[in-house]
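Commentary on secondary and tertiary structure
Each chain, letter by letter, is given below.
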Amino acid sequence: MKTIELVFATNNQNKLNEIRSILKEPFQIITLQDAGIDIDIPEPHQTLEANASEKSGSIHQLTHKNCFSEDTGLEVFSINGEPGVKSARYAGEGRNFQDNIHLLLKNLEGKSDRTAQFRTVVSLIWDDAEFFFTGICKGTIIEKQKGTEGFGYDSIFVPEGSSYTFAEMGMEEKNKFSHRKKAVAQLIEFLKQKVS
Ligand code: ITT
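Predicted model, so just to flag it, every value in this text is computed and none were measured.

Criteria and thresholds
Residues numbered from 1 in each chain as written. Predicted model: local features only at pLDDT ≥ 70, side-chain atom pairs only at ≥ 80, totals over all residues. Heavy atoms only, no water. 1 Å grid on protein atoms, 1.4 Å probe; cavity = no way out; pocket = protein on both sides within 12 Å on 5 of 7 lines; lining within 4 Å. Points joined across faces, edges and corners; volume = space filled by probe spheres on them. Helix = DSSP H or I, 4+ residues; strand = E, 2+ residues; numbered from the N terminus. Nonpolar A, V, L, I, M, F, W, Y, C, P; charged D, E, K, R; others polar. Near = heavy atom within 4 Å. Polar contact = N/O pair within 3.5 Å; in protein donor to acceptor, adjacent residues only side chain to side chain. Areas by Shrake-Rupley, 256 points an atom, 1.4 Å probe, with all protein chains shown as cover. Sits in = over half its atoms within 2 Å of the grid points. Expected span 1.5 Å × (residues − 1). Buried < 20%, exposed > 50% of the residue type's maximum accessible area, 1.4 Å probe, protein only. Contact = heavy atoms within 4.5 Å.

All right, on to the layout of surface pockets then. Estimates place the volume of the largest pocket at around 570 Å³. Lining the largest pocket are 30 residues, with Asn12, Lys15, Ala88, Arg95 and Phe151 positioned closest to its centre. For the lining of the largest pocket, the secondary-structure elements that each account for two or more residues are helix 1 (13-22), helix 2 (48-63), strand 3 (67-76) and helix 5 (179-195). Considering every element that reaches the lining of the largest pocket, the biggest residue donor is strand 3, with four residues. Residue classes in the lining of the largest pocket are distributed as nine nonpolar, 10 polar and 11 charged. Empty space within the second largest pocket amounts to approximately 160 Å³. Lining the second largest pocket, in full, are Phe8, Thr10, Asn11, Asn12, Gln13, Leu16, Thr31, Leu32, Gln33, Ile37 and Asp38. Its residues assigned to classes, the lining of the second largest pocket shows four nonpolar, six polar and one charged.

Structure (structure tokens):
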């Protein structure tokens, strides 16, 4: 099958590493750096869908190439789905991850329901049309951080079906459960049909 080139509209190196471990041949990922783009893409909206769309749309305008982005949120049910769309900046604009985790653990003190989900929404722009794919991973927020792998909220999230946090898993193991993997698996199926 011929190579399928896609620009991945992200400034998050951890996401890029995970996506590279999922999207293998015949896909070829072009990073913003490869494309010579150095902008902080705005995420001004109230939904993951709208933010994902903003990211892929703004990069498509600049590159005119097929491209995709994703927006991910950690949704904790007992606190009305927070941090949700605010996941990157939960504790403020500084995007400091320890602060985000501490605030979340504080907000969950005394709550008996600690169930949560990661939700990833991918926006793909293919031949100038937009398509969405969603991946969900359900799990639980534990009380103390465990593990040093991964990024973001990985050290406090135990996915259903495991007794380890994402931060105690290698990337391949995380991919067996992950929201991102599930969303991107749908994108892969979709594109394989388009190009076959
Ligand atoms: P973009 O450039 O792709 O927008 P971002 O870091 O701003 O990168 P998001 O708004 O989608 O990305 O992500 C919200 C935050 O949620 C992100 O900064 C992570 O720290 C956290 N997050 C996303 N995916 C995660 C995962 O798989 N495990 C743990 N935390 C995750």
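Next up on the list: the site of the ligand. Close contacts around the ligand come from 21 residues, with Thr10, Lys15, Glu43, Lys55 and Asp154 the closest. Contacts to the ligand include Asp154, whose side-chain N or O atom sits 2.6 Å from a nitrogen atom. Here the ligand, which alone exposes 610 Å², has 96% of that area covered by the protein. The pocket occupied by the ligand, as judged from atoms lying within 2 Å of grid points, is the largest pocket. Of all the secondary structure elements, the ones that give two or more residues to the shell around the ligand are strand 3 and helix 5.

Another point: helix 2. If you check helix 2, its first and last C-alpha atoms are 23 Å apart, about what 16 residues at 1.5 Å a residue would give, namely 22 Å. Listed as buried for helix 2 are Leu48, Asn51, Ala52, Lys55, Ser56, Ser58, Ile59, His60 and Thr63. On its buried face, helix 2 sits against strand 1 (4-8), helix 1, strand 3, strand 5 (115-126) and strand 6 (129-141). One or two steps after helix 2, the chain reaches His64, where phi turns positive at roughly 55 degrees.

Just distances and angles here, no functional claims.
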